[in-house]
Amino acid sequence: TFHRGGRVSGGPRVAEAMSENRAFSSFQVEEPSGLDGTDVLSVLHEATPVGERADCSEWAGVPVEMEESHRAALQSNSEAIFNMLNNALGVSLLAVSWVCSKIGLLPALMLYALSCFLNRYTLLLVFRSCQLSKVKVSYPDVARFCFGSTGFSVVALIMTSQCCITSTAYVVTVGEVLFDVVPLSRKGATMLGMLLLMPFTLIRSLKRIAILSTLATIACLLELLCIALPCYWDVLVAGTSSVQRKMEGSCQPPLTKCDEGCCGEPRPMMWFHLDMKNLVEVIPVILLAYATQSATPIILASLKDDSWENVRKITGFVSICLYVISALFGHSVYLRFTDTTTNNALTTIGQRPVDHTARWCGFILVFISYIFMLFPVRNVLMSACLGKDELQREAPYGVYLIMTLLLNGSLLMLALVAVELGGLSLCLRFGGGFCATLMAMVFPPMLFVRVRAERGWDFRVVCGSRGGLCAILVIGASVWISSNFALGRDVAKRLQEATGS
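Residues numbered from 1 in each chain as written. Predicted model: local features only at pLDDT ≥ 70, side-chain atom pairs only at ≥ 80, totals over all residues. Heavy atoms only, no water.

Caption draft 1: Spatial organisation of a nonpolar patch on the surface. A cluster of nonpolar side chains, contributed by Leu106, Met110, Trp271, Phe272 and Leu274, occupies part of the molecular surface with about 580 Å² of accessible area. We classify Leu106 as partly exposed; its relative accessible area is 41%. (Patch = residues over 30% accessible without salt bridge, like charges linked within 9 Å, V, L, I, M, F, W, Y side chains within 5 Å. Areas by Shrake-Rupley, 256 points an atom, 1.4 Å probe, with all protein chains shown as cover. Salt bridge = Lys/Arg side-chain N within 4 Å of Asp/Glu carboxyl O. Buried < 20%, exposed > 50% of the residue type's maximum accessible area, 1.4 Å probe, protein only.)

The structure is reproduced here in structure tokens:
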């Protein structure tokens, strides 16, 4: 007898099923079939009735709009796509051109495409694991279902760390934009940025600042247009190639010192430059660009139609949009600035009015993104440290205020350290290498296999005849080890240089 969610009554035969060698697509999220060959996809693909949906978790990983029942408000497909794009178009987009300058245009575009595919695949694994385990739709809660309190603690710690690193990257980016327009050092501009951010983070109601989400989307679109179109115009129409940039400290070749800061002519574009050292450096950044496994499941769970076919359709469409946006954006900036590209597109572009417009649009985007990112981080800290559910505002405002101020102060200190040790690229490498690799490549296969075993399903639990899940797990573990080793080596080198100077 089959129950809703595809569970089979009776004892599992997982070991026998795993040893079979059926012909499946290598990377396809498989669905069960009955012991007698009966197709049960129609059961699995039905939308979940509203009354059966789990309450929203304080570990959602993304700010959510709540109904009186404390469930996430249901969304149409267009609303979900809008929110997923908002959630994914972050600061990692600003580093695409930097990745191209490190390994060449063609390898960068190919690796971004692979990252997009793998991240969507593992996102579906996480979402399906949440559905089948019938827990609150959140990464830590499904980890608790699979591996108990230890799994919950590990995933919650990594997820919170990733949110904090992303918030730190936002503060760094705000400071870098201010550095270009105010007579302050980078550290001074970063502290000024936090002073501007802090009052908005004291607002407790998400609904009061929900309108900022629309403003952030408009700013994102204007930023993309004001950066990509002028870059293509300079190269393909005007033939402009000179670079002028405000810098702190010495100019990096091929730029030299001039009255405006640093000036020069970039070298020709590299189509292919696959250096192993650079590859290890940029792979975490590439993986981070589409890693939304901690936040997107709650968006998918709040769909009016959360059937499997609809979820796959929406995630596929969003993945294509994200790749096209990042490819065009990164290609345009790299085509214009080639080896003079910095780790942040907002500091790469020049000093023309259109460049300043793009810079301020980017400022607005990351400014608002920081405000929204603090909601899930604060929810997690309130729950873990005080045992208070911030979604229901169980703590008094005084406690909320102290927690917010401490959180802002901690993130400012992290941002100042990041500015000293590498800026945005350090944040992205650490967020991608230490956190996103685990959340996107290591944990999802483990959770998915464990959930299937717990449900007692009588069919194979791997994807593909040769174990696609195992391959993803091995690749993820290898990337995690190599990228963190390289990051630790580079940080130690920078600290040694700073101590010596």
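Now, onward.
Caption draft 2: Examining the packing of aromatic side chains more closely. Considering all chains together, one arrives at 7 aromatic pairs under this definition. Between Phe430 and Phe434, the aromatic rings sit 5.4 Å apart at their centres with planes inclined by 0 degrees, giving stacked as the arrangement. Placement of the pair is Phe430 and Phe434 together in helix α15 (residues 424-455), with a separation of 4 residues, close to one helical turn. Residue Phe430 is classed as partly exposed on the basis of its relative accessible area of 34%. (Phe/Tyr/Trp six-rings, centres within 6.5 Å; stacked < 30°, edge-to-face > 60°. Helix = DSSP H or I, 4+ residues; strand = E, 2+ residues; numbered from the N terminus.)

Caption draft 3: Quick peek at the nonpolar core. Within the largest apolar cluster, 127 residues are counted, with the highest numbers of intra-cluster contacts made by Val99, Tyr139, Ile227, Tyr370 and Phe443. Looking at which element gives the most residues to this core, the answer is helix α6 (residues 139-179), with 18 residues. Residue contacts for Tyr139: discarding those within four places in its chain leaves Val126, Val155, Met159, Gln293, Ser294, Leu438, Met439, Phe443, Pro444 and Leu447. (Core = buried A, V, L, I, M, F, W, Y, C linked by side-chain atoms within 4.5 Å. Contact = heavy atoms within 4.5 Å.)

Caption draft 4: A look at the state of the cysteines. This structure, assessed with the given rule, holds 0 disulfides. Cys146 provides the cysteine sulfur closest to Cys130, a residue in no disulfide bond, and the two sulfurs are 9.0 Å apart. Assessed through its relative accessible area of 1%, Cys130 is described here as buried. Left without a disulfide partner, Cys164 is nearest to the cysteine sulfur of Cys163, which lies 7.0 Å away. (Disulfide = S-S within 2.5 Å.)

Caption draft 5: Fine view of the pattern of salt bridges. Following the criterion strictly, the structure yields 11 salt bridges and no others. Between Lys102 and Glu281 there is a salt bridge; the shortest N-O distance is 3.8 Å. In this pair, Lys102 sits in helix α4 (residues 96-103) while Glu281 sits in helix α9 (residues 276-288), placing the two residues 179 residues apart along the sequence. Owing to a relative accessible area of 22%, Lys102 belongs among the partly exposed residues under this scheme. With relative accessibility at 10%, the residue Glu281 sits in the buried group. Taking the shortest distance from any N to any O, the salt bridge between Arg352 and Asp234 comes out at 3.1 Å. On the criterion of sequence distance, the pair formed by Arg352 in the loop between α12 (345-348) and α13 (353-386) and Asp234 in helix α8 (residues 211-238) is long-range, its members being 118 residues apart.

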